[in-house]
Amino acid sequence: NDEKKAREVADARMDRERQKRLERQSAMRLENIMASMGKKDVPIVNVVLKTDVRGTLEALHVALAELATDEVKVRIIGSGVGAITESDVTLAESSEAVLLGFNVRADNTARQKADADGIDIRYYSIIYQLIDDVKAAMSGKLAPEHRETILGVAEVREVFHSSKFGAAAGCMVLEGMLHRNKPIRVLRDDVVVFQGELESLRRYKEVVEEVRAGMECGLAVKGYKDIKVQDKIEVYDVQLIKRSL
């Protein structure tokens, strides 16, 4: 009945939800896990783990279990093979777990939910880096992080054969920007199938250094001839980031 009062109540609820979300986001970041461990009777690092193949998943299960000590435990509360899904993000959020992907990516729905809820998804392509990050969180000593930034993603719309490059692909850039001289990955069903670099990047017949989202382009992947329609080409960069608790 009172519009002013209703607006005040709504604003207060929004502020409360925003604060809860910020606290949840902070608690779930790998850097902040150890900061909260001292407040718990049994320090535990909760992990949700997704990998590209079963053998890697089993190897990481063993490796992470071996990190456990009398003082700190690692608990894998969810794991599987294939792309990171919305249910993985929900599980990580509800259990305050870190979400780790090895040679896989979050699908569109999972990525949207993670972005909306501020869930920290960590991607890896080297096993020891994943293990070292979890170990560092357990010890409270985080070394500089090799942080990957995804610069652009293109989808393969057509595959044709070139006498110069072998298999080439006609693509649409879905997001960000493709860069000719940055490292790339080929994703199939959101699983990494190849990692390397571009042989060429063209707009029509012109060689270009970059192509923006919404534009079509032609490209060839150096040393890889098994490109298929609906594969995604992910261009990324790596930065060395100093970390502290």
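Above this note sits the structure.
Residues numbered from 1 in each chain as written. Predicted model: local features only at pLDDT ≥ 70, side-chain atom pairs only at ≥ 80, totals over all residues. Heavy atoms only, no water.

Novice: What's the story with the nonpolar core in this structure? I'm lost.
Specialist: The nonpolar side chains of a soluble globular protein tend to be buried, and buried together. Core analysis: the biggest nonpolar cluster contains 21 residues, and Leu219, Val221 and Ile233 have the highest contact counts within it. Contributing elements (two or more residues each) for this core: strand E5 (145-162), strand E6 (166-179), strand E7 (183-188), strand E8 (191-203), strand E11 (216-221) and strand E12 (232-241). The dominant element in this core, judged by the number of residues it contributes, is E6, at 5 residues. Those residues in contact with Val221, other than ones at most four positions away along the chain, are Ile184, Val186, Phe194, Glu197, Leu198, Glu199 and Ile233. Counting 18 residues, the second-largest nonpolar core is a separate cluster that includes Val47, Leu64, Val98 and Phe102. (Core = buried A, V, L, I, M, F, W, Y, C linked by side-chain atoms within 4.5 Å. Buried < 20%, exposed > 50% of the residue type's maximum accessible area, 1.4 Å probe, protein only. Helix = DSSP H or I, 4+ residues; strand = E, 2+ residues; numbered from the N terminus. Contact = heavy atoms within 4.5 Å.)

Novice: Quick question: what am I supposed to make of helix H5 (residues 108-117) here?
Specialist: In an α-helix there are 3.6 residues to a turn, and that puts residues three or four apart on one side. The set of residues buried in H5 consists of Ala110, Ala114 and Asp117. One face of H5 carries all of its buried residues, which in axial projection span an arc of 80°. Projecting away from the buried face of H5 at angles above 90 degrees are the exposed residues Gln112, Asp115 and Ala116. (Arc of directions from axis to C-beta.)

Novice: Where do I start with the pattern of salt bridges in this structure?
Specialist: Proximity of charged atoms lets side chains of opposite charge pair with each other. Evaluation of the coordinates by the stated rule reveals 16 salt bridges. Between Arg122 and Asp120 there is a salt bridge whose closest N-O contact spans 3.4 Å. Note on Asp120: relative accessible area 15%, which makes it buried. Where Lys182 meets Asp237, a salt bridge forms, and the shortest distance between an N and an O atom there is 3.4 Å. Of the two residues, Lys182 sits in the loop between E6 and E7 while Asp237 sits in strand E12, which places them 55 residues apart along the sequence. Connected through shared salt-bridge partners, Arg105, Glu148, Arg185 and Glu234 make up one network. (Salt bridge = Lys/Arg side-chain N within 4 Å of Asp/Glu carboxyl O.)

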